[in-house]
Amino acid sequence: QILDFFTLFYLIAKGARSTETIHKILLGFVSAMIFLSFFAAIEVYFDWSLLSLFPTVSHRFDVSGDIYDRIDRVRTTFGHPILFGGALAMAIPAALYLIRIAKGLRGRIGLSLGIALMFLAIYKTDSRGPWLALLLSCGAMMLLGGKQLRKYLAIIGLVVAVTLLVRPGIVTSLTNMYTATRDPDSPMGVSYQWRYALYDLVKAQLRKNPARAVWGYGPESFYYLGLTTDFMLDGEIRTVKVESCDSSVAALMMETGYLGFAITALMLLAPVFIAFRCYFSASEERKPLLVLFICNMGAYYFLMTNVAIYGWGQQSYILWVIMAMASIYPAILKAESTNAQEDAARVPTKPAPRIWGQATTQPGFE
């Protein structure tokens, strides 16, 4: 993690020196996600995946072993559909921000089509967590992002409403998924309840040993601890083996203890605090970018509570890039403001015109 994420954070924090550079970084991120969403559409309608070009490698979270029979879920080049959905939940708000600053009609049309593709892709991930993360981000941007972003979000809301009316099957699918999630006897309900069971298991395990509660069991140790827990399956309590941890928060507490978890939380939340504090002093024109940073980090941290998303996968690199830009943006604003004042001071004033052979005392007087 030091070599991958911290180094990336350092390079972005030292290299980005202007708002224009940040816009280019965001455009690169959004362009990549639009590109992958195009292949997600191919994956949906032509049953062909980019990953089919590479040798198959199984891992603990391989979607091919999904016991909930949700195997027709798009993931493009990501390790799991939920990870792809998490990246899209960050990319769609970024694309909305880029539409706001786009100068040409061609750019706005391209980004709008890209957003439509990304909405299709995130829907086809069939992942409840990323859906909710995107909904929360759009809500925050609606409240804090300014008039222009509210207008774009209202248009998107209208398009979504029309789509749901034209395609009632989507509404049926979403309703069925919600009902299944609330049903503890359904596979999706079991998956939902399992998240809560993990937190109970971690707290109970750490209570057994005060030293482990402080320091944890070591990074990446959760899978190898051989833990078991009592869990409701098929209407009865059974003792089941814990083979995965579908929560980065629970995994951090178990592996690094409460001390390590607190340190990690402070590290991850510091850029949010920096961006939030800067929001209140920034101009109205600059605030939407700060809102985007807060929404992107908030979406990722929300997913950490119910998905094993932290520490591996493309979305983690995205997080650290966003964290770096959020951390340095107040300094960029200050520098750009200073430069603008210096440029204004260097603008020559008009020579004082002469009236009846005498110079006036007011430069620029006419």
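Residues numbered from 1 in each chain as written. Predicted model: local features only at pLDDT ≥ 70, side-chain atom pairs only at ≥ 80, totals over all residues. Heavy atoms only, no water.

Draft legend 1. Spatial organisation of the packing of aromatic side chains. Per the counting criterion, the structure on display carries 15 aromatic pairs. Between the aromatic rings of Phe 78 and Phe 84, the centroid separation amounts to 5.3 Å while the plane-to-plane angle is 40°, which identifies the pairing as tilted. Phe 84 shares its class with Phe 78; the two are buried. Ring plane angle 80° and centroid distance 6.0 Å describe the contact between Phe 293 and Tyr 329, whose orientation is recorded as edge-to-face. (Phe/Tyr/Trp six-rings, centres within 6.5 Å; stacked < 30°, edge-to-face > 60°. Buried < 20%, exposed > 50% of the residue type's maximum accessible area, 1.4 Å probe, protein only.)

Draft legend 2. Here's a closer look at the pairing of strand β2 (residues 236-241). Bridging between strand β1 (residues 228-233) and β2 involves 6 bridges; their strand directions are antiparallel. Along β2, the bridge assignment pairs Met 232 with Ile 237. Hairpin remark: β1 followed by β2, antiparallel, with 2 residues in the connecting loop; positive phi at Asp 234, about 55°. (Pairing = 2+ DSSP bridges. Helix = DSSP H or I, 4+ residues; strand = E, 2+ residues; numbered from the N terminus.)

Draft legend 3. Seen up close, the packing of helix α2 (residues 19-46) against helix α12 (residues 314-346). Two elements in contact, α2 and α12, have axes separated by 9 Å at closest approach and are oriented at 160°. With respect to α12, the element α2 is oriented roughly antiparallel. Viewed along their axes, α2 and α12 form a crossing whose handedness is left-handed. Contacts between α2 and α12 involve Thr 19, Ile 22, Ile 25, Leu 26 and Phe 29 on the former and, on the latter, Ile 318, Val 321, Ile 322, Met 325, Tyr 329, Ile 332 and Glu 336. For the contact of α2 with α12, the class distribution of residues is 10 nonpolar, 1 polar and 1 charged. (Axes fitted to C-alpha atoms, helices over the stretch in contact; angles between N-to-C directions. Parallel < 35°, antiparallel > 145°, perpendicular 65-115°, else oblique. Left-handed = near helix turned anticlockwise from the far one by under 90°. Contact = heavy atoms within 4.5 Å. Nonpolar A, V, L, I, M, F, W, Y, C, P; charged D, E, K, R; others polar.)

Draft legend 4. Quick peek at unusual backbone geometry. The phi dihedral of Asp 47 is positive, around 55°, even though this residue is not glycine. Asp 47 sits in the exposed class, given a relative accessible area of 73%. Of note in this structure, Glu 220 is not a glycine but carries a positive phi near 60°. With respect to the element layout, Glu 220 can be found in the loop between α9 (210-215) and β1. Overall, Glu 220 belongs to the exposed group, its relative accessible area being 56%.

Draft legend 5. How the structure looks around helix α3 (residues 81-101). Here α3 spans 30 Å end to end across 21 residues, near enough to the 30 Å set by a 1.5 Å rise per residue. Within α3, 20 of the 21 residues are buried, which leaves it mostly tucked inside the rest of the structure. (Expected span 1.5 Å × (residues − 1).)

Draft legend 6. Just the packing of helix α7 (residues 168-182) against helix α8 (residues 187-207), in detail. Packing of α7 against α8 leaves a shortest axis separation of 6 Å and a crossing angle of 55°. Comparing their axes, α8 and α7 come out oblique. In the crossing of α7 with α8, the sense of the turn from one axis to the other is right-handed. Residues Met 177, Ala 180, Thr 181 and Arg 182 of α7 pack against Met 188, Gly 189 and Tyr 192 of α8. In the contact of α7 with α8, the residues fall into 4 nonpolar, 2 polar and 1 charged.

Draft legend 7. Structural view of the environment of Arg 212. Position of Arg 212 among the secondary structure elements: in helix α9. C-alpha of Arg 212 to C-alpha of Met 254: the two residues are 42 residues apart in sequence and 8.1 Å apart in space. Setting aside residues no more than four positions away along its own chain, Arg 212 makes contact with Leu 206, Tyr 217 and Gly 257.

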